[in-house]
Amino acid sequence: MAPSPVVELNRAVALLHADGAAAALDVLDAIADDPRMRRYHLYGAVRADVLTRLGRHAEAARVLEQAADLAPTQRERTLLLERSAAAAQRA
């Protein structure tokens, strides 16, 4: 498999489940400045999940709102905004 930020995003998900949120966040931070990730709603969705698991609910809510703005479908946008509202309530 060729290296790419999407491959790294998938690796972050695997690390989240295998090694925990801190390990996953390190991978996400490494690809955060890639322009492709800035336009990819699933990057924000994954990052918010990691932040939530780290107890950083307010930050997760903001990231989910940004991801919702990038979502390609109304259903995905709605789901991300619902998750954002839930994270904000925990903050």
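Everything that follows concerns the structure shown earlier in this document.
Bear in mind that the values here come from a model prediction, so they are computed numbers and not experimental data.

Summarise the packing of helix α4 (residues 41-53) against helix α6 (residues 74-90); cite the residues concerned and give the values.
Contact pair α4 / α6: the axes reach a minimum separation of 12 Å and the direction vectors enclose 25°. With respect to each other, α4 and α6 are oriented roughly parallel. Remark: the crossing between α4 and α6 carries left-handed chirality. Of α6, the residues touching α4 (which contributes H41, A45, D49 and T52) are E76, L80, R83 and R90. Of the residues that constitute the contact of α4 with α6, the class distribution is 2 nonpolar, 2 polar and 4 charged.

For helix α5 (residues 57-70), give the residues involved together with the corresponding values.
Given a rise of 1.5 Å per residue, 14 residues ought to cover 20 Å, and the 20 Å separating the end C-alpha atoms of α5 matches this to within 8%. Among the residues of α5, H57, A60, A61, V63, L64, A67 and A68 are the ones counted as buried. Seen from one end, α5 has its buried residues packed into an arc of 165°, which puts them on one side. Of the residues in α5, the exposed ones pointing more than 90 degrees away from the buried face are R62, Q66 and D69.

Analysis parameters
- Within every chain, residues take consecutive numbers counted from 1 along the sequence as written.
- In keeping with the predicted nature of the model, local features appear solely for residues at pLDDT of at least 70, side-chain atom pairs appear and are counted solely at 80 or more, and the whole-chain, interface and lining totals rest on all residues.
- To get the side-chain values, all heavy atoms of the structure are used, and hydrogens and water are removed first.
- Under this scheme, a helix contributes an axis fitted over its contacting stretch, all axes are lines through C-alpha atoms, and angles between N-to-C directions fall in the 0 to 180 degree range.
- Elements are defined by DSSP. Helices are runs of H or I of four residues or more, strands are runs of E of two residues or more, and each kind is numbered from the N terminus.
- To sort the angles, those under 35 degrees are grouped as roughly parallel, those over 145 as roughly antiparallel, those from 65 to 115 as roughly perpendicular, and the leftovers as oblique.
- Should the near helix be turned counterclockwise from the far one by less than a right angle, the crossing is left-handed, whereas a clockwise turn marks it as right-handed.
- Throughout, a residue-residue contact means that at least one pair of heavy atoms, one from each residue, lies within 4.5 Å.
- Residue classes follow a fixed rule: Ala, Val, Leu, Ile, Met, Phe, Trp, Tyr, Cys and Pro count as nonpolar, while Asp, Glu, Lys and Arg count as charged, and any other residue, Gly among them, counts as polar.
- Any helix carries an expected span of 1.5 Å times its number of residues minus one.
- Type-normalised accessible area, obtained with a 1.4 Å probe on protein chains alone, sets the label of each residue: buried when under 20%, exposed when over 50%, and partly exposed for intermediate values.
- In this context, the arc is that of the directions from the helix axis out to the C-beta atoms.

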